[in-house]
Amino acid sequence: MPSIAENIAQTESRLKPGTRLVAVTKTKPVEMLLEAYNAGSRLFGENKVQEMAAKYEALPKDIEWHMIGHLQTNKVKYMAPFVSLIHSVDSLKLLKEINKEAAKNDRVIPCLLQIFIAREETKFGLSEEEAAEILQSEELQSYKSVIISGLMGMASNTDDETKIRAEFRGLKSLFDSFKQFESDQIKMQELSMGMSGDYPIAVEEGSTLVRVGSAIFGSR
Ligand SMILES: *Cc1c(COP(=O)(O)O)cnc(C)c1O
């Protein structure tokens, strides 16, 4: 079996300049995260707030912690002091809470809007219309402690490459069209798409952040 370091090198070799790797470390023990850290990884993705907070405490402080999982408002406070990017924002209510907790910590927290792109599956995320509504809302402009720095999406879980590519391409075109809403609060800079099974396609379609777990750490 290849080592974690070899898997990271293999994944990195398939990225383009301008695309960064978020190593998805959910459910994996701290020893494995340290192995990835020693191989050079600094961006780690988790989907549960408490697990991320515990790992943050245990590991070196130059790691960027990315929240990629569905979020409840009552958990935001546990990560507000340190989280680098929240990929999974799917409501204005959640943004309001992130804004409040970020302000308490004297921080501005970058967030991505999660868009529902997988046609046949029920996955979390906003429709294009709902996302546009959030970007145009007056409330958002008053949330000075958050910044919307892009979009995130998960493609259908299928072997059909054509379909996956079409979903990623659709998200990229939405990302480009949302540049019309850019303001102090909105900067379309990060496009988070691509996982172990489909990240090479996502990279070709313009991803800036791939979220890769099992291809690095093994199955969960
Ligand atoms: C678990 C997870 C990933 C990583 O999935 P792999 O298939 O293991 O690469 C990426 N994104 C999200 C939102 C996840 O929950």
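All figures in this text were calculated on a predicted structure; none of them were measured in a lab.

1. Side note on the pairing of strand β7 (residues 186–192)
Of all seven residues in β7, five are buried; the element is thus mostly enclosed. Summarising the sheet, strand β6 (residues 146–154) and β7 pair through four bridges and their orientation is parallel. When the sheet's bridge partners are listed, M152 is paired in β7 with S192. Handedness of the β6-helix α8 (residues 161–177)-β7 crossover: right-handed.

2. Quick notes on unusual backbone geometry
One non-glycine residue, T27, lies in positive phi territory at about 70 degrees. Tracing the sequence through the fold places T27 in the loop between β1 (20–24) and α2 (30–38). Here T27 falls in the exposed class, since its relative accessible area comes to 54%. The residue D106 is not glycine, and still its phi comes out positive at about 55 degrees. Examined against the element boundaries, D106 turns out to sit in the loop between α5 (92–104) and β5 (109–116). Classification of D106 as exposed rests on a relative accessible area of 76%.

3. Some points on the packing of aromatic side chains
Taken as a whole and assessed by the stated rule, the structure comprises three aromatic pairs. Arranged with centres 4.0 Å apart and planes meeting at 10 degrees, the rings of Y56 and F82 form a pair that is stacked. With Y56 in helix α3 (residues 49–58) and F82 in the loop between α4 (76–79) and β4 (85–89), this pair connects stretches of sequence that are 26 residues apart. The exposure class assigned to F82 is buried, which follows from its relative accessible area of 10%. Considering the side-chain rings of F178 and F181, the 5.8 Å spacing of their centres and the 45 degrees angle between planes classify their relative orientation as tilted. Judged by relative accessible area, F178 falls into the buried class, the value being 3%. Residue placement shows R42 over the ring face of Y37; its charged tip is 3.6 Å from the ring centre. Seen from the ring of Y56, K61 lies directly overhead, with NZ or CZ sitting 4.8 Å from the centre.

4. Considerations on α2
Residues of α2 that are buried include every one of L33, A36 and Y37, and no others. Buried residues of α2, seen end-on, are gathered within an arc of 105 degrees and therefore sit on one face of the element. Away from its buried face by more than 90 degrees, α2 exposes E31 and N38.

5. Overview of the site of the ligand
The environment of the ligand is made up of V24, K26, I68, M154, M195, S196, R211, V212, G213, S214 and R220. Interatomic distance of 2.7 Å between a side-chain N/O atom of K26 and an oxygen atom of the ligand. With respect to the ligand, the side chain of R211 contributes an N or O atom lying 2.9 Å from a nitrogen atom. Looking at side-chain class alone, the shell around the ligand contains five nonpolar, three polar and three charged residues.

6. A few points about the UniProt feature "modified residue: N6-(pyridoxal phosphate)lysine" (unreviewed entry) in the protein
UniProt tags K26 as "modified residue: N6-(pyridoxal phosphate)lysine" (unreviewed entry). With respect to the helices and strands, K26 occurs in the loop between β1 and α2. Residues in contact with K26, not counting those within four places in the same chain, are G45, E46, N47, E51, K55 and R220.

7. What about the nonpolar core?
Counting residues in each nonpolar core, the largest one holds 64 residues, and the members touching the most others are I86, L95, L113 and L151. L95 has contacts with V89, C111, I134, L140, Y143, V146 and I148, leaving out every residue within four places of it along the chain. V22, L43, L85 and L209 belong to the second-largest nonpolar core, a separate cluster that totals six residues.

Scoring rules and cut-offs
Residues numbered from 1 in each chain as written. Predicted model: local features only at pLDDT ≥ 70, side-chain atom pairs only at ≥ 80, totals over all residues. Heavy atoms only, no water. Buried < 20%, exposed > 50% of the residue type's maximum accessible area, 1.4 Å probe, protein only. Helix = DSSP H or I, 4+ residues; strand = E, 2+ residues; numbered from the N terminus. Pairing = 2+ DSSP bridges. Right-handed = clockwise from strand over helix to strand, strands pointing away. Phe/Tyr/Trp six-rings, centres within 6.5 Å; stacked < 30°, edge-to-face > 60°. Lys NZ or Arg CZ within 6 Å of the ring centre and 35° of its normal. Arc of directions from axis to C-beta. Near = heavy atom within 4 Å. Polar contact = N/O pair within 3.5 Å; in protein donor to acceptor, adjacent residues only side chain to side chain. Nonpolar A, V, L, I, M, F, W, Y, C, P; charged D, E, K, R; others polar. UniProt positions renumbered as here; feature names shortened; annotations may be inferred. Contact = heavy atoms within 4.5 Å. Core = buried A, V, L, I, M, F, W, Y, C linked by side-chain atoms within 4.5 Å.

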